[in-house]
Amino acid sequence: MGLTKQYLRYVASAVFGVIGSQKANIVYVTLRGGEKGRYVAVAACEHVFIWDVRKGEKVLILQGQKHEVTFLCPSPDGIHIAVGYEDGAVRIFSLMSGESNVSFNGHKSAVSVMHYDALGARLVTGSKDTDVIVWDIINECGLYRLRGHKDVITQALFLKDKNLLVTSSKDSFVKWWDLDTQHCFKTMVGHRSEVWGMVLLNQENRLLTGSADSELRAWDINYLQEKAEGEPKVKKGKTLLDDDDEEENQDDVDESPEERILSCKKAGSILREARDRVVSLTADARARVIACHGNDSVLELFTVLSEDEVQKKMTKKLKKAKKKAAKAQEDAGEEAAEPVVERMLKDEILRLTNIKASAKIRWVDCLMCAGGELKVALLLQNNTVETYSLKTSDKTPTANKTARLTLGGHRTDVRTLAFSSDNLAVLSASGDTVKVWNRSTLQVIRTMACEYALCSLFVPGDRQIILGTKSGKLQIFELASGSLLETVDAHDGALWSLCLAPDQRGLVTGGADKTVKFWEFELMKDKESGQKRLTVKHTRTLQLEEDVLCVKFSPDHRLLAVSLLDCTVKVFYTDTLKFFLSLYGHKLPVLCLDISHDSTLIATGSADRNVKIWGLDFGDCHRSMFAHDDSVMFLQFVPKTHLFFTAGKDKKIKQWDADKFEHIQTLEGHHREVWCLTISPNGDHIVSSSHDKSLRLWERTREPIILEEEREMEREAEFEESMAKGDAPVVPGETEGEAAPAGKKTIETVKAAERIMEALELYKEENRKMEEYKYACQTAGNELPPPQPNPILVAFGNVTPSRYVLDVIKKVRSSELEVSLLVLPFPYIPELLKLFNSYIKQGLEVELVCRCLFFLLKIHFGQISSNQMLLSVIDELRTNTVSKVREIRDVMGFNSAGLQFLQREIESKEDVMFFADATGQLTEKKKKRRKRERAILTIA
C-alpha cells in the first residue's frame, strides 16, 4: 500500500531555559570526589540538573521520563541520588555515570519527602497519598508500607542507633514508628495546625518541628530503655511559652498513656521573625545549624550549641547570678539563698544570622565545611539559584553571596518566541528580559533588559529585533552590541500582536486601543554616534470597533486578517484597507491565527478550545475541530505546507492537517500551560515555552507517521494505563492494620507475571512432550529420535525448561517481584513449588528462590495447607530449604571471619587502621597529644 501523504514525526530534543523547578528541593552533591559545596542538584521539570555553582555551568543531566521531579535526596556516601516523581515512582541515579538502575513503584501520587538511613541501606519515602514506604536499597525491593497519617507526609526521619522512624504530616500529627514490629507506638498531638518541617538535634534527644505559626517547637525525647539502665536525665526548662501553651504542656501530648519505647515532652519553642508558615526547615548533616524560612525572601539561621558549650554558658550564668546575689546581700545586710540558674531552650539554640535573598525562597540546603564555614544554597521562586557562605565561628557572622545562577533562564514566563531567518538563533522574551539563544548549543548569546514583552520578531537581516510590549511600546534592539536602539510609543493599550510585511519593508501592529498601525523600516542618522541606525516610521492607521488580539498578513500581501475581542476575524485588503470578509463562528475571542503559504487557507484558534479552518476566497468555514482541553494559545503553519501546530493551556502541542482535517500527532512534555511556540523557516525545528519556565526544542525526524498506527498506539497506552490503575490483588491478612506490602500494581508487574505464566506453560508443554517421547520409546521397544526442543529454549542456548523458568524469574526487577507473584493465578503455584524444590536441591539462586517461596506460602497459605497433594512437596521443601540456608550462612560466616582475620593481620604488620574505627581513634590520639603539649607548656 503506497502512502498517499507522508507526515514526518517531531520528537523532543532538549529542555533549556529552566534553572530549577519549584516543585522539588535543592541539595548539595559531590561529584567524583570533588570539592564539597561546589555542586548543587535541582529539578528541571522531568530531569535533574547538576550545576557547578563556581563556574555557573551544567555539568550533568539525570534524564527523566515524562513525570515531573518532586523530591531529591543524596545518599550518605554521596555516590547516588534518589529522585522522587509526580506519579509516585522513585529512581536511584548514580552520580558517577548519571545512569539509573534501580526504580521503585509504590506510591499512588507524588513523592513529597525522602530520607536515607545512616548507612544508606534503607530509604523512606512519604507521599501525597498519605502512605510512608520503607525500601531496601541493597536488595532493591520494598520492605513495608506504613499507614496512619490522614494528609500529605511532610517529613520522615530514621533514628541512627535505634530501629525507629518519625514522620510528620499536614494532618498536624507527628508519629513514631517501631520498624521491628512495623506499627505506630506514639502519636504527638501537640500541634494546632499542619506540621511543615522537622529536624532531629542533640544526638537525636530533641525534635524540632515547624508549623503554620511563627514558633519552632522543641520536644525532648527520653528513651525509656536508657532510663532503665540508670542513665541520669537532665531536666530541661521551658521558655517562650504562652499561658495556654503551659496548660497544653501539663497535659500528656500522646494519644495513649502507654509509653513503652520513648516519651516526648515539650521543651519550649523558638520564635521566628516571620509570621507565616514554615515553608522548609532543614539542618546540616551534624545538626549544628538549622535553616528555616517562610513565604518571604528571608532565611533565618540558628546554631545548636554542643553540651560543653552549654555547660560553659551555664557556669558563666551561675557566676553572674552569684555576684548579683552577693551584691544584693551586701546591700541588704542579710544572708540570701543560694542562686539557682535554670537551663532554658534559648541557652541551647541561638539565632545565628538572617540571609536576605533577591526573591522569595522556595527551598534551602546547608552544608558545613572545614573550618566552620557554612555553605547555604537557595532555590528561589523566580527560577534562580543563589549560594552564600558564612563563618559560624565569628561572633557576628555575615553571609557573603558566592554565586547566582540566572543566565540560563528567564525570571518570569516567556510570552513570545521567534526564529531567525537562518534557523540558527532563537529569541525568547519575558516580563523583564529578552534573550537570544544559539539553537544548536542552547547557550545564551545575548541578554537584554526590556519591558513586559508580548510579541517579537527578527528584522530582515537578523541584526536587530523588535518587541511589542504590554505598555504599547515598540522596542528595537541591536544584537551586535546588545543595546536598546529606540523605544517607540505605538499604542495606548497593550501591543498584542505584530507581523512582518511579506515584502520585508515594514510591519503591522495591533493593540488594545482598537487600532491596527502600519510601519515602515527606515535608516536614520544617530545624533550621538553620527552613524545610521534602524527605526520605524508610522504610515497608516486602521481604526476598529474592538480591541485587536492578533494581526497577520497573507503571504501574497493582498489581505490582512485581524482578530477582534468580539470573537470575529475581519479580513481587509492591504492596499486600500477596505473590508473584505468577516469570519464568525467562535464562541470566545480568537487568540491566534495564521495564513497558509499559498494564501488560500486561514486557521484560527480560540479560547473556546476549537480551531476553525476557513477558505480565504469566500470566507467559508471548511472545518471546525475540537483541538485542546483548554484555550488554544498559539497557532502557526509549517512553512510551505498545509500542516499547522497549535499550543494549548492543556500542556499539549498538536499537529494538524488543514487539507484532510486530521490530527497528526501530539507533542507532550510541558508540565504547565504552553504560552507560545515558533517554527523555524525550514520547518525542521520547533521551540515552545510554558508556565513551567522551560523552553523545549523539538526536531523533525525522517521517520514517517502512519495515522492508523498512531491511533493504535494511543489506544494501547490508554489500555495499559487502565490496567495499571485496576484493582490491585488483595494480600490475605493485609487488608487492615498499619503495615502493608510496599509494591504497587503497574503495567510492568502485569507483564512480568505474564512472562512467568508463559514460562510455566512452556515448561509443562516440554514435560508433556518428554513423557510422550518416553512412552513412545517404551511401546516401540527401541530408541526413537528425541522431540525438537522449543525454539525459545534453543534461542537461550539450549537451556532446560526448568532453568528457563528460573531465568525468567531472575529477570523480573527485584522491586516488582512480589507484586508479579501476587498476580499469578493459583493453578500455577503447585508447579512452581515443585520447581523451587529442585532449584534449592541444586543450590541455584537459593536466596531468590527462598524469597519467592516464602511470599507464595504467605499469600496462598490456606489453599496450600488444605491441598493434600502438596504436603509431601512442602515437607521436602522445609528440610531442603533449612539445610541449604544453613550451608550459605556458614559460608558467609566463614568468609566474614576470614576477612576480619586478614584485617587484624594487616593492621598488626603495618600499624594501619581500617574502616570506621580509624577516624575515631585518630581524633582521640590528637586530643591526647594536645593535652600533653599543654601540660608541658604549663610546666615550662
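Refer to the structure printed above.
Residues numbered from 1 in each chain as written. Predicted model: local features only at pLDDT ≥ 70, side-chain atom pairs only at ≥ 80, totals over all residues. Heavy atoms only, no water.

Draft legend 1. Representation of helix α9 (residues 829-842) within the structure. With 14 residues, α9 extends 20 Å between its outermost C-alpha atoms, agreeing within 8% with the 20 Å of an ideal straight helix rising 1.5 Å per residue. Taken as a whole, α9 has its buried residues at Ile829, Pro830, Leu832, Leu833, Leu835, Phe836, Asn837, Tyr839 and Ile840. Downstream of α9 by one or two residues, Gly843 has phi in the positive range, about 75°. (Helix = DSSP H or I, 4+ residues; strand = E, 2+ residues; numbered from the N terminus. Expected span 1.5 Å × (residues − 1). Buried < 20%, exposed > 50% of the residue type's maximum accessible area, 1.4 Å probe, protein only.)

Draft legend 2. Inspection of the environment of Leu542 at higher detail. Looking at where Leu542 falls in the secondary structure, it is placed in strand β41 (residues 532-543). C-alpha of Leu542 to C-alpha of Phe572: the two residues are 30 residues apart in sequence and 9.8 Å apart in space. In contact with Leu542, not counting residues within four places along its chain, are Lys514, Thr515, Val516, Phe518, Phe572 and Leu577. (Contact = heavy atoms within 4.5 Å.)

Draft legend 3. Main features of the sheet that holds strand β27 (residues 373-380). One open sheet holds the four strands; their spatial order is β26-β27-β28-β29, and the pairing between them is antiparallel. In the strand order of this sheet, the two ends are held by β26 (361-368) and β29 (400-405), each with one partner. The mean angle between the axes of side-by-side strands here comes to 20°, regardless of whether they run parallel or antiparallel. In terms of strand pairing, β26 meets β27 through seven bridges, oriented antiparallel. Its bridge partner being in β27, Val364 is matched across the sheet by Leu378. (Pairing = 2+ DSSP bridges. Axes fitted to C-alpha atoms, helices over the stretch in contact; angles between N-to-C directions.)

Draft legend 4. Representation of the pattern of salt bridges within the structure. Applying the stated criterion to the full structure yields 40 salt bridges. Of the charged contacts in the structure, one is a salt bridge between Lys693 and Asp413, with a shortest N-O distance of 3.6 Å. Taken as a pair, Lys693 in the loop between β55 (685-690) and β56 (695-705) and Asp413 in the loop between β29 and β30 (416-419) lie far apart in primary sequence, 280 residues in all. With a shortest N-O distance of 3.8 Å, Asp807 and Arg803 are connected by a salt bridge. Here Asp807 and its partner Arg803 are both found in helix α7 (residues 801-811), four residues apart, which amounts to about one turn of the helix. What makes Asp807 buried here is its relative accessible area of 18%. (Salt bridge = Lys/Arg side-chain N within 4 Å of Asp/Glu carboxyl O.)

Draft legend 5. Expanded view of the packing of helix α10 (residues 846-859) against helix α12 (residues 871-910). Two elements in contact, α10 and α12, have axes separated by 11 Å at closest approach and are oriented at 140°. If you check the angle between α10 and α12, you find them oblique. For the element pair α10 and α12, the recorded crossing hand is left-handed. Counted together, Val846, Cys850, Leu853, Phe854 and Leu857 of α10 and Ile874, Leu877, Thr881, Lys884, Val885 and Ile888 of α12 form the full contact between these two elements. Residue composition of the contact of α10 with α12, grouped by class: nine nonpolar, one polar and one charged. (Parallel < 35°, antiparallel > 145°, perpendicular 65-115°, else oblique. Left-handed = near helix turned anticlockwise from the far one by under 90°. Nonpolar A, V, L, I, M, F, W, Y, C, P; charged D, E, K, R; others polar.)

Draft legend 6. Layout of the pairing of strand β28 (residues 384-391). Across the eight residues that make up β28, a large majority, seven, are buried. Examined bridge by bridge, β27 and β28 share eight bridges and lie antiparallel to one another. The residue bridging Leu379 from the neighbouring strand is Val385, located in β28. In textbook terms, the turn of a hairpin is the stretch between consecutive antiparallel strands, and for β27 and β28 this stretch comprises three residues, one of which, Asn383, has a positive phi near 65°. For β28 and β29, the ladder comprises five bridges, and the chain directions are antiparallel. Within β29, the position partnered with Ser389 by the bridge is Asn400.

Draft legend 7. Focus on the nonpolar core. Of all hydrophobic cores here, the largest spans 40 residues; its most connected members are Val805, Ile809, Leu832, Leu833 and Phe836. Discounting chain neighbours no more than four positions away, the residues touching Ile809 are Ile756, Leu817, Leu832, Phe836, Leu848 and Cys852. Among the nonpolar cores identified, the runner-up in size contains 28 residues, and Val111, Val113, Leu123 and Leu165 belong to it. (Core = buried A, V, L, I, M, F, W, Y, C linked by side-chain atoms within 4.5 Å.)

Draft legend 8. Structural detail: the sheet that holds strand β8 (residues 89-94). Taken in spatial order, the four strands make up an open sheet running β6-β7-β8-β9, and their pairing is antiparallel. At either margin of the open sheet sits one strand with a lone partner, and together these are β6 (69-74) and β9 (100-105). Here the average twist between neighbouring strands, direction ignored, is 20°. Pairing between β8 and β9: five bridges, direction antiparallel. By the bridge assignment for β9, Phe93 is matched with Ser100.

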